[in-house]
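Notes for the structure review
Below, each chain spelled out in residue letters.
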Amino acid sequence: MLDSSQLDTVSGVSTLAHAELLSGSQVSVSIKRRQSILFVTSEIADYIKAGGLGEVAAALPRALRHHYDVRILIPGYRQVLSQIKDLEEIARLPASFGIPACGLGRGTTQDGLTVYVLLCPELYDRDGSPYVDSFGADWSDNDIRFARLGLAAADIACGNGDTLWRADLLHLNDWPSGLASAYLAWRGQRIPTILTIHNLAYQGNFDRNRLPCLGIPEAAFQINGVEFYGKLSFLKAGIYYSSHITTVSSTYANEITRPEFGCGLHGLLRTRAEEGRLDGIINGIDASWDPSTDPYLVSRFSAENFRGKRANANTVRKSFGLDLSSGPLFAVVSRLVHQKGVDLAISATETIVSQGGQIAVIGQGEARFEAELRNLSSRHPGSVGVKIGYDEGDARRMYAGSDFLLMPSRFEPCGLSQMYAQRFGSLPIAHKTGGLADTIEDGVTGFLFGEPSLNRFKDAIRRGLETFRSRSRLTTMRRAAMNRPHGWDRSASRYQEVYERACQAALA
Ligand code: ADP
Ligand code: GLC
């Protein structure tokens, strides 16, 4: 029996369900059931977030929920368990090979999205992030932790988790959920699976001697399977077995088919692209990124009137120990890792400071970058302010108060920070790669440089500084950046198209 929530006559993507109304005269009508999507993720900003994936996992299902019955599956980290108020255990998922049994919880987010949670304290009830301990080292049992996630996804999709629900399609994200499509394939299940690659550099590679304990058939340990340069790779498994691959910008979708960006997987990705099974879909940003309403800002503003930026700039200066100044303020809001070109930002300091500019940095990551940044700030007191850590409020005020955001990433699958910066009237200065190339219009909403070298980066910074000196040009660019559309609607429709194609291919 279908309930009214499953009826959706608007969506063009539903499967047909047949209903016969047999009262008096016989009437046979076709009604549409909303398709069910299981969105599998290792982080979601509602409860726990390590990077952009958490934000996308919170926003994309919400952008799609009007068209689909989208439900989330996530491991039961302690931050998840403590924040979902109505969580109830609805099933037990059995142990399998070396993967322990676990409970399956079901609860809802504050705005009513259904969340399935893996209840397995021995794997997930720990301090630290989803992936690493408090010293930054990978959890030594990450293979079991995320095989548990993949196997549960396959079970729930087939109706072996929630007896009242099964998935028409599985949407996987990054290596932690990569094995789900492989488990389905090994069971001969043809449920369509989409894998979104948020970052190809994180692959989940493990020793081959882990195969038996993860329930991976020896026969799958080959180039046409889970093997990747002698290792077992969760990401490779996801790419190999999923029906369709997406990544988070068109430029990155193209880049990863080439050796320079393909992290060893470019051959397979090129094949998928040639088969029409690889798409780039840019991320959006959610409605909370609005400088006219953001509660974290000390003064709110809009594209029509951005005088309020100054109060935010002064607050940032104060809290980062910078002198009061009317010169340009540059911000860095970033994980401190090689990918983000932190070394380039550090090396460009002299160019900025010598022209009267200031830099505020917030980030955490590799110890060497943290140490270099601390050192930089003590060499430039009043001009370079550094906070090692993570703080949403600081980040938002930095986007709001800064004139420029430095983002010299060596590669950037999509990047959200440059979109937030533009929305808040801070012009990104960024390497022309991946999502940065797709979301910044050079000389219009920010500044792009063509290769990740210090000289090219400095040239772009100089262009920024010149613009700062011309008030009218700065105003025009700021306005263009703030008015640039960044919402989720267009991207959500692209995902709908991909879902449809994957479902049709599964029926063929
Ligand atoms: P990635 O996921 O590769 O780190 P993205 O640009 O997609 O890069 O997303 C990064 C997100 O994390 C942005 O929302 C950014 O504002 C936020 N962020 C990064 N570092 C910090 C920090 N130290 N404090 C607060 N927010 C941060
Ligand atoms: C990854 C990428 C980043 C992207 C984010 C969300 O963390 O590094 O570029 O924006 O995922 O898709």
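Residues numbered from 1 in each chain as written. Chains lettered and ligands numbered in written order. Predicted model: local features only at pLDDT ≥ 70, side-chain atom pairs only at ≥ 80, totals over all residues. Heavy atoms only, no water.

Where we set the bar: UniProt positions are given in the numbering used here, feature names are shortened, and annotations may be inferred rather than shown by experiment.
Labelled according to an unreviewed UniProt entry, the chain appears under the name Glycogen synthase, originating from Microvirga lupini. Listed under Function (unreviewed entry) in UniProt, the entry text for the chain is "Synthesizes alpha-1,4-glucan chains using ADP-glucose." Check the Pathway (unreviewed entry) section of the UniProt entry for the chain; it says "Glycan biosynthesis; glycogen biosynthesis."

1. A closer look at the site of ligand 2
Going by this rule: If even one non-hydrogen atom of a residue comes within 4 Å of a molecule or strand, that residue is called near it. Here a polar contact is taken to be a pair of N or O atoms separated by no more than 3.5 Å, where protein atoms must pair a possible hydrogen donor with a possible acceptor and residues adjacent in sequence count only if both atoms sit in side chains. Each accessible area is a Shrake-Rupley result for a 1.4 Å probe, and residues are judged covered by the shown protein chains and nothing else. The numbering of helices and of strands both runs from the N terminus, where a helix is a DSSP run of H or I of at least 4 residues and a strand a run of E of at least 2. All amino acids are sorted into three groups, where Ala, Val, Leu, Ile, Met, Phe, Trp, Tyr, Cys and Pro are nonpolar, Asp, Glu, Lys and Arg are charged, and the leftover types, Gly among them, are polar. How far each domain reaches was decided by an automatic or database domain assignment.
Around ligand 2 there are 14 residues in total, and His198, Asn283, Glu412, Cys414 and Gly415 lie nearest to it. A distance of 2.9 Å separates an oxygen atom of ligand 2 from a polar side-chain atom of Asn283. The fraction of the free accessible surface of ligand 2 (310 Å²) that becomes covered by protein chains is 93%. Per-element tally for the shell around ligand 2: the top contributor is helix α1 (residues 52-64), with three residues. Residues that form the shell around ligand 2 fall into these classes: six nonpolar, six polar and two charged. Inspection of the shell around ligand 2 shows a minimum of three residues originating in each of domain 2 (36-252 + 489-507) and domain 3 (308-483).

2. Considerations on the UniProt feature "binding site: ADP-alpha-D-glucose" (unreviewed entry) in the chain
Condition: Throughout this description, buried means an accessible area under 20% of the type-specific maximum (1.4 Å probe, protein chains only), exposed means over 50%, and partly exposed covers the range between. Any pair of residues with heavy atoms lying within 4.5 Å of one another is described as a contacting pair.
Here, UniProt's "binding site: ADP-alpha-D-glucose" (unreviewed entry) annotation points to Lys49. When you line up the elements, Lys49 lands in the loop between β3 (36-40) and α1. For Lys49, a relative accessible area of 24% puts it in the partly exposed group. Beyond its immediate stretch of four places on either side in the chain, Lys49 contacts Glu43, Ile44, Gly54, Glu55, Tyr390 and Glu392. One polar contact links Lys49 to Glu55, side chain to side chain, over a distance of 2.8 Å.

3. Structural notes on the site of ligand 1
Looking at ligand 1, there are 19 residues lining it, with Gly52, Arg335, Lys340, Tyr399 and Leu416 nearest. A distance of 3.1 Å separates a nitrogen atom of ligand 1 from a polar backbone atom of Asp391. Between ligand 1 and Ser417, the relevant distance is 3.2 Å, taken from an oxygen atom to a main-chain nitrogen or oxygen of the residue. Contact with the protein chains covers 92% of the free accessible surface of ligand 1, which is 550 Å². Sort the elements by how many residues they give to the shell around ligand 1 and strand β15 (residues 329-336) lands first, with three residues. Residues lining the shell around ligand 1 come from more than one domain, with at least three contributed by each of domain 2 (36-252 + 489-507) and domain 3 (308-483).

4. Some points on the sheet that holds strand β12 (residues 231-233)
Basically, it comes down to this: Here, any two strands with at least 2 DSSP bridges between them count as paired.
In space, the three strands of this open sheet follow the order β10-β12-β11, with antiparallel pairing throughout. In this open sheet, the two edge strands, each paired with only one partner strand, are β10 (205-206) and β11 (227-228). With two bridges joining them, β11 and β12 adopt antiparallel strand pairing. Bridged to Glu227 within β12 is Leu232.

5. Some remarks on the packing of aromatic side chains
Where we set the bar: Any pair of Phe, Tyr and Trp rings, taking the six-membered ring for Trp, is counted once the centres come within 6.5 Å. Such a pair is stacked with planes under 30 degrees apart, edge-to-face with planes over 60 apart, and tilted for the rest. Remark: a charge is flagged as sitting over a ring if the NZ atom of Lys or the CZ atom of Arg is within 6 Å of the ring centre and within 35 degrees of the ring normal.
By the definition in use, this model includes 20 aromatic pairs. With centroids separated by 5.3 Å and ring planes inclined at 70°, the aromatic side chains of Tyr68 and Tyr499 adopt a geometry described as edge-to-face. Of this pair, Tyr68 sits in the loop between α1 and β4 (69-75) while Tyr499 is found in helix α19 (residues 489-507), placing the two residues 431 residues apart along the sequence. As far as the burial class goes, Tyr68 and Tyr499 line up, both buried. The ring of Trp139 is capped by Arg126, whose NZ or CZ atom sits 4.8 Å from the centre of that ring. Here Arg471 stacks its cationic end above the ring of Phe468, 5.1 Å away from the centre of that ring.

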